[in-house]
Amino acid sequence: EMTEELEQILSQLTQPDNAIIQQATAQLKQAFKDPAIIPGLCNAHLCKHLASNMQIRQSAAVMLRLRVKKHWKKISPNDRESLKAVVLQAFMQETEHTVQHSLSQLCAVMVKHETPDRWPALLQLLNQSTKSSNPHDRQVGLLLLNKVIESNPEPFKPHYCQLLQLLRSVLEDHNNPTALYYCILTLTAITEFIGTEEMHLMRSILPNLIVALKCLIKADQNQASEAMEVFNELMESEVSVIVPHVADVVRFFLEVGSDTNLSDSLRVKALSCVTFLIKLKSKTVLKQKLLSPILQAIFPVLTAAPPPGEQDPEDEEDDIHFAGIIDTMALHMPPEKLFQQLMPLTQTCLASENPYQRKGGLMCLAVLAEGCADHIRTKYELLQTVCQSLSDSSEVVRSAGLFALGQFSEHLQVSQNTSVGKAVFLFIFGFQAFKIWFFGVYTWNEVLACFILFVTQYPYLPTLMETMLSALNNTDNLKIKELAVSAIGAIANAAKELLVPYFTPVIESLKGFLTTTTEEMRSLQTQSLDTLSVLARTIGKDVFSPLAAECVQLGLNLTNTIDDPDLRRCTLTYLHTHVVHVHPNTHTENPMCPCLRFSVENAYIDEKEDACEALGEIAFNAGILSYFSPQFPHEDVRRAAFGAMGQFCRAQHKVWKENPTEANQQALLKLLDIVVPCFLETVRREPERHVVMGVLESMNSVIKSCKEEVFKNPSRLKEISHAIRDVLKKKTPCQDSGGDEADDEDQQAEYDAMLQEFAGEGIPLVAASVPADNFFPFLNDLLPFIMNKAKSSCTVADRSFSVGTIAEILHALMSVSGGRGVAGRLSNRLLPVLVAGAKDSDPEVRNNSVFGLGCLAQAAGPIVVSDYPMMLSVFSNLLSKESDLRVIDNLCAALCRMIMSNVDAVPLEQVCYIKYFS
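Within an unreviewed UniProt entry, the label attached to the protein reads Importin N-terminal domain-containing protein, and the organism entered is Astatotilapia calliptera.

Written out as structure tokens, the structure is:
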């Protein structure tokens, strides 16, 4: 009876009548409530009867999978065995790929409940079909193998060695691309779970895998693009498998990425693999001498003219991906090694008569700015080249020049007081840059924000504001209005209170933009909220306060009526700016104020990041606390979450200091016991470098604010010290240790050095928070890593960091118990480093060293009195030729510290004479 009913229902589902289909669907739902549904679907007569109708077979397989997925435990043991037998039989007899696919998915669901060892018939079928001499049988068997392993990779782990041997042989079947496709997908599924036993087999498969992918690319580019995911999985899980074959792998990626005849998705996948590999194993890439081949492959595409019809720079997606590889190189390779091979290619492009080659050279300079800022900052000729490009006859070159100028402005932080900084700014205005602001205002924002004091030193503010206000009031073009609003935000960052005369017309325009709900205004409204945040932060509390509440309400009204993540993100930014800079006590009395009811539980990355940052700012400034776990997969959100956690700790410490009750202290200690271990675990396990940088920065801020409270837990001092040590030793997952490769300590990527600086900055903070004798064993262990960076062969940034950190440690020891004794024990090791630093060619290194010598004299006291004559001689020689006022100022301060520490050991008449003339 059930068999006949199912036959009728499934037949009705294939009818071209919606009413009949709806009726059959309702009947099928009712039939599924009957336990006899499984035997009915497994009935041999039904299976045979339905063999002629593919649609009914497909429907039966799908319905059965849904039933098994939810109600496996309700199926009797006999019916389970019948089902397993019937499904395998139906799968092998099936000729339609769609039905085979559905049946393989059904098998995968059943394996979730029945482990492979409890279904020997499945293993036998897989073994026979995948080794069959019939190509179609192998293809079908690999489809089934892929689906059951993709859904349940771990239960098959005992069979991995045998499976890898099978897959290696399949990869040699170059005439069966579909089999290659399922084979590679299966390999991808098990990669995460392979162990040491399978590692050798995986390495041996790599050459076969590359050849197989080349064959698959010729047969089906969409399948090849999906199959390329195997390399991402290998790099994330077992990058050591790739390392022995890294040269072949990189050449394959570049070959695919450079072939303009291939699909965009396939080329992007290949280029992203190159980028990811450089990020993970930059030292291996350098050691294998792959930098030059990569650059040689990149530049022809980066500098090529776009195809007809794609002349707009925004259409040139190839530029973005190829420039992204150079950007990753800059972030993860030593600048000296990168520039040695990169600059000849770049200079050739910049000197070319072809505008697209000049544009490519400028794009290259632009993406170098973030990762190689310190290295570029000393190269005036690069800044000059970028500025000269603004007068180029080609629009694509001018546009690339503006982009490069913006990147330089954002990342190089060229001081407006330097000759280079003034030259750049005056060069820009010399070309009447206002005439080109229409297509480059985004860059203007960065330029103006960088050269903050120029707006006050040169009479350009009225001209700037007249231009921007004219754009706001005299055009209907929303894009121009948006760019003008953005530029006003940048000008406000630079001019601050000088913008007050223009505040009223600006704010009236912004309020007008925020009152409409039409879709075309969305970008303008988002930018208006961003600029409002800048004005609230810079224009002055007295000026902005009268309008603050109205502006908050305008933003909240928009977020309540329009579901747009960018609008919410900008509203959050404005809210925390409002709390911090305009009304810091707004929300203290009512923590559940409606404007704070926002959540990080949504699907938008940037909004989540800004929500976390806003939560942290509001927590610190308004005493509002919350707990959440920063487990979101996107690294920017994780970093922002860790920053907010640090703010929560600082907020609770502030509450305790203002109201020092036992309950408030215990709340702080409980919070620290949650947050600090989370920080430390992240340093030990997090693979993303900038997340670890954010964690270290947040942990440093917590130690600086909460001091000894952080170390109430007896194990905390050791744990934090070891975390700092691991970063300084480059032993954390986010640092490419290079395995067994020799590590050149004097050359590393600037961001790798910055990560170590974040760790090193924690040492003096710890030293200021615990008794010196408790910290001495750990300090003794950490100092060699800091002192090694003071060598003359190290970069200026490293030398400055080294002596600066030593100076801060000595300064911290002045204020803790036992500090004098520890400073005295360290004096013989630290004094030579600081004296050498005082003779350095760089003024910042000299400045930090002189400060450190003064701190050593004050911290160590009588123990270093015997070194006073030598220190005074160093100061005297330095003062005779020093021109940097900061160094002279710190030198005088150091002399004062020596006098305060031991007045009898200082020849006051000579010292006062020296100070007078300084």
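Q: What am I meant to see in the overall build of the protein here?
A: Summing up its helical and strand segments, the protein has 47 helices and zero strands in all. In the protein, which comprises 918 residues, the proportion classed as buried is 54%. The long-range fraction of contacts in the protein, counting pairs at least 24 apart against all pairs at least 6 apart in sequence, stands at 72%. Accessible area of the protein: about 40,200 Å², with a carbon and sulfur share of 51%.

Q: Is there a simple way to think about unusual backbone geometry in this case?
A: Peptide bonds are mostly trans, and most non-glycine residues show a negative phi. Of note, Lys289 is a non-glycine position whose phi angle comes to about 60 degrees, a positive value. The residue Lys289 is located in the loop between helix 18 (282-287) and helix 19 (291-302) in this model. You will see that Lys496, though not glycine, has its phi angle at about 55 degrees, which is positive. The class for Lys496 is partly exposed, based on a relative accessible area of 33%.

Q: What should I look at first to understand the packing of aromatic side chains in this one?
A: Geometrically, a pair of aromatic rings is defined through the distance of the ring centres and the angle of the planes. Counted under the stated rule, the structure contains five aromatic pairs. Centre to centre, the rings of Tyr181 and Tyr182 are 5.1 Å apart; their planes meet at 55 degrees, and the pair counts as tilted. Pair check on accessibility: Tyr181 and Tyr182 agree, each one buried. Ring centres 6.1 Å apart and planes at 45 degrees place the aromatic pair Phe252 and Phe253 in the tilted group. Assessed through its relative accessible area of 2%, Phe252 is described here as buried. Given a relative accessible area of 0%, Phe253 falls into the buried group.

Q: Sorry, what's going on with the pattern of salt bridges here?
A: Here the idea is simple: oppositely charged side chains can pair when their charged atoms come close. On inspection of all chains with the given rule, the structure shows 24 salt bridges. Residue Arg799 is joined to Asp840 by a salt bridge in which the shortest nitrogen-to-oxygen separation is 2.8 Å. Taken together, the residues span a long stretch of sequence, with Arg799 in helix 42 (residues 796-813) and Asp840 in the loop between helix 43 (819-838) and helix 44 (843-860) at a distance of 41 residues. Classification of Arg799 as buried rests on a relative accessible area of 8%. The exposure class assigned to Asp840 is buried, which follows from its relative accessible area of 14%.

Cut-offs applied
Residues numbered from 1 in each chain as written. Predicted model: local features only at pLDDT ≥ 70, side-chain atom pairs only at ≥ 80, totals over all residues. Heavy atoms only, no water. Helix = DSSP H or I, 4+ residues; strand = E, 2+ residues; numbered from the N terminus. Buried < 20%, exposed > 50% of the residue type's maximum accessible area, 1.4 Å probe, protein only. Contact = heavy atoms within 4.5 Å. Areas by Shrake-Rupley, 256 points an atom, 1.4 Å probe, with all protein chains shown as cover. Phe/Tyr/Trp six-rings, centres within 6.5 Å; stacked < 30°, edge-to-face > 60°. Salt bridge = Lys/Arg side-chain N within 4 Å of Asp/Glu carboxyl O.

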